[in-house]
Amino acid sequence: ADKVELGRLLFFDPILSQNNDMSCASCHQPDLGFSDGKQQAIGANGTLLPRNAMSLWNVTYGTNFFWDGRAATLEEQTNTPITEKDEMAGVPDEIVAELQAVPEYVDLFEKAFGSADSVSYENVQNAIAAFERTLVTNNSPFDKYAAGDVNALTPAQRRGLATFRSAGTRCFECHSAPTFSDDLFSVTGVPDLQGQAHDTGRLEVESTSLDGAFKAPTLRNIALTAPYMHNGVFKTLEEVVEFYAKGGGRDAGVENVDIHVIGFDLTDQEKADLVAFMYALTDESNLPETPASVPSGLPVIESVENPARATVSEMNAGGTESVSAPREAQTLRVEEGQTIQSVVDQALPGDTVEVPYGIYKEHVIIDVSNIKFMGVPNDKGEWPVIEGQGTGSDGVIASGNDFEMAFLAVKNFTS
């Protein structure tokens, strides 16, 4: 705990920078999902850096760091922003001398590391890394849903989750639960910024890598960290979804795009559901307190307003609907003018959903366990049809346990 507290103060203290005007928090602001809200980060003396500042949420679970994975540990990672001339431009020996001149820091280092001569650059790295390992998000609406509270997600978010992990979109291939990230590097074909040199990504670090491969960032708290991608080229999650729907950079002729980035055909509602699900990955319950002051006496970053928080509150309204109350199993029937999905969204475990004969031009997502999904044939014995019209990738996605489906024809889907 003492090491974490020291790391928290150092994280917010500009004393680590050459000009004493930047801290780690300058580019990783708590109010902005530990990013900075800018397309490209800003370094020392207003230098425009080539990449977007990555969020620090859940970095404790990472095994390599930066967009190109050049650092293997959090301790190693701290060195680049602190000492790089275009970032904080700090000099280790000068940093240590400045810290030793602050009696409160000398006491804090001794308390954290056990001796009066504990003020060292290595221990600066150790303390900051210890603090960053406390930045864990694990109580989002999705986490509550995964723990068994089916109504922690709204119906739209539940549909979005099923779409997220479907064979049609394959989002889960690079953003798998529980971290919604991986430590691999893929080419998605993100366009270069106008006027900026091409960024080769992982190829700068590993000669065997593909040109333009980057790490898949976590999607936890992604709603708070716009803009997106390694160069911040997309302002909204909706733009990101559209990019992947087109097959990533394939649409622009980029070669070697990852095999999982194949493009997909979703309705506007399905795209909105997918974005709604990503909002359900938001959790700031472990947000650390920004110190009012730091031992150096230098200014601490001011709190900033993040308008995304209001949208998160609106989106994450699960658990408020009457269907969350326990009740006896029911038979729910799709009536004229209703979609199958609108009726499925009302179902609870044990229910039966009946679909009268007809042609339904939609696909259906069922994520509740113990559901019977039954067609009702007409007088001629013909089954209801779920019609894909040659474009949809999944007719019915059922991800709950004990699912039963019968007397339904699923036709003209692409997979």
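Our structure is the block above this text.
Because the structure is a prediction, the values reported are computed rather than measured. (Residues numbered from 1 in each chain as written. Predicted model: local features only at pLDDT ≥ 70, side-chain atom pairs only at ≥ 80, totals over all residues. Heavy atoms only, no water.)

Over the atoms a probe the size of a water molecule is rolled, and this reveals where empty space is left. Considering only enclosed or pocket space, the second largest pocket measures out at about 430 Å³ in volume. T267, E270, K361, E362 and H363 are, among the 26 residues lining the second largest pocket, the residues nearest its centre. Contributing elements (two or more residues each) for the lining of the second largest pocket: α8 (155-164) and α10 (268-279). Per element, the largest residue contribution to the lining of the second largest pocket is three residues, and it comes from α10. (1 Å grid on protein atoms, 1.4 Å probe; cavity = no way out; pocket = protein on both sides within 12 Å on 5 of 7 lines; lining within 4 Å. Points joined across faces, edges and corners; volume = space filled by probe spheres on them. Helix = DSSP H or I, 4+ residues; strand = E, 2+ residues; numbered from the N terminus.)

A few words now on a negative patch on the surface. A cluster of acidic residues, E104, D107, E110 and D117, forms a negative patch at the surface. As for its placement among the helices and strands, E104 is situated in helix α5 (residues 103-113). For E104, a relative accessible area of 44% puts it in the partly exposed group. (Patch = residues over 30% accessible without salt bridge, like charges linked within 9 Å, V, L, I, M, F, W, Y side chains within 5 Å. Areas by Shrake-Rupley, 256 points an atom, 1.4 Å probe, with all protein chains shown as cover. Salt bridge = Lys/Arg side-chain N within 4 Å of Asp/Glu carboxyl O. Lys, Arg positive; Asp, Glu negative; His and termini not counted. Charge placed at Lys NZ, Arg CZ, Asp CG, Glu CD. Buried < 20%, exposed > 50% of the residue type's maximum accessible area, 1.4 Å probe, protein only.)

Pairing in this open sheet of four strands is parallel, and the strands run β3-β4-β7-β10 from one edge to the other. Since the sheet does not close on itself, it has two edges, and those belong to β3 (331-333) and β10 (404-406), each with one partner. For this sheet the average axis-to-axis angle between neighbouring strands, irrespective of direction, equals 20 degrees. Here strand β4 (residues 352-356) runs beside strand β7 (residues 372-376); their pairing, made up of five bridges, is parallel. Paired with T352 across the strands is K372, a residue of β7. (Pairing = 2+ DSSP bridges. Axes fitted to C-alpha atoms, helices over the stretch in contact; angles between N-to-C directions.)

Where β7 meets β10, three bridges bridge the pair, whose relative direction is parallel. Counterpart to M374 in the pairing with β10 is A406.

Every α-helix carries 3.6 residues per turn, so stepping three or four residues along brings you back to the same face. Turning to helix α1 (residues 2-12), its buried residues are L6, G7, R8, L9, L10, F11 and F12. Buried residues along α1 sit in contact with α2 (24-27), α4 (92-100), α5 and α6 (121-132). (Contact = heavy atoms within 4.5 Å.)

Let's shift gears to the nonpolar core. Counting 50 residues, the largest nonpolar core has F277, M278, I340 and F373 as its most contacted members. For this core, the secondary-structure elements that each account for two or more residues are α7 (141-146), α8, α9 (237-245), α10, α11 (308-315), α12 (340-344), β4 and β6 (364-366). The next biggest cluster of nonpolar side chains, apart from the first, holds 42 residues, and it includes L10, V102, Y105 and A112. (Core = buried A, V, L, I, M, F, W, Y, C linked by side-chain atoms within 4.5 Å.)

Bringing the pattern of salt bridges into the picture now. Evaluated as defined, the whole model comprises 19 salt bridges. Across the pair D199 and R51 runs a salt bridge whose closest N-O atoms are separated by 2.8 Å. Of the two residues, D199 is situated in the loop between β1 (185-187) and β2 (213-215) and R51 in the loop between α2 and α3 (74-83); the sequence distance between them amounts to 148 residues. By relative accessible area, which is 9% here, D199 ends up buried. Residue R51 is classed as buried on the basis of its relative accessible area, which comes to 11%. Of the charged contacts in the structure, one is a salt bridge between D68 and R70, with a shortest N-O distance of 3.1 Å.

Turning our attention to the packing of α9 against α10. Interhelical geometry of α9 versus α10 gives an angle of 125 degrees and a closest axis separation of 10 Å. Considering their axes alone, α9 and α10 lie oblique with respect to each other. As α9 runs across α10, the sense of the crossing is right-handed. Taken together, the residues of α10 that come into contact with α9 (itself represented by L237, E238, V241 and E242) are K271, L274, V275, M278 and Y279. When grouped by side-chain class, the residues that make up the contact of α9 with α10 number six nonpolar, no polar and three charged. (Parallel < 35°, antiparallel > 145°, perpendicular 65-115°, else oblique. Left-handed = near helix turned anticlockwise from the far one by under 90°. Nonpolar A, V, L, I, M, F, W, Y, C, P; charged D, E, K, R; others polar.)

What follows is about the packing of α3 against α6. Helices that pack against each other are described as a pair by the angle of their axes relative to one another and the distance between those axes. Between α3 and α6, the shortest axis-to-axis distance is 8 Å and the interhelical angle comes to 110 degrees. The angle between α3 and α6 places the two elements in the roughly perpendicular class. Seen from above, α3 lies across α6 with right-handed handedness. Along the contact surface, α3 presents L74, E75, Q77, T78, N79, I82 and T83, while α6 presents Y121, Q125, N126, I128, A129 and E132.

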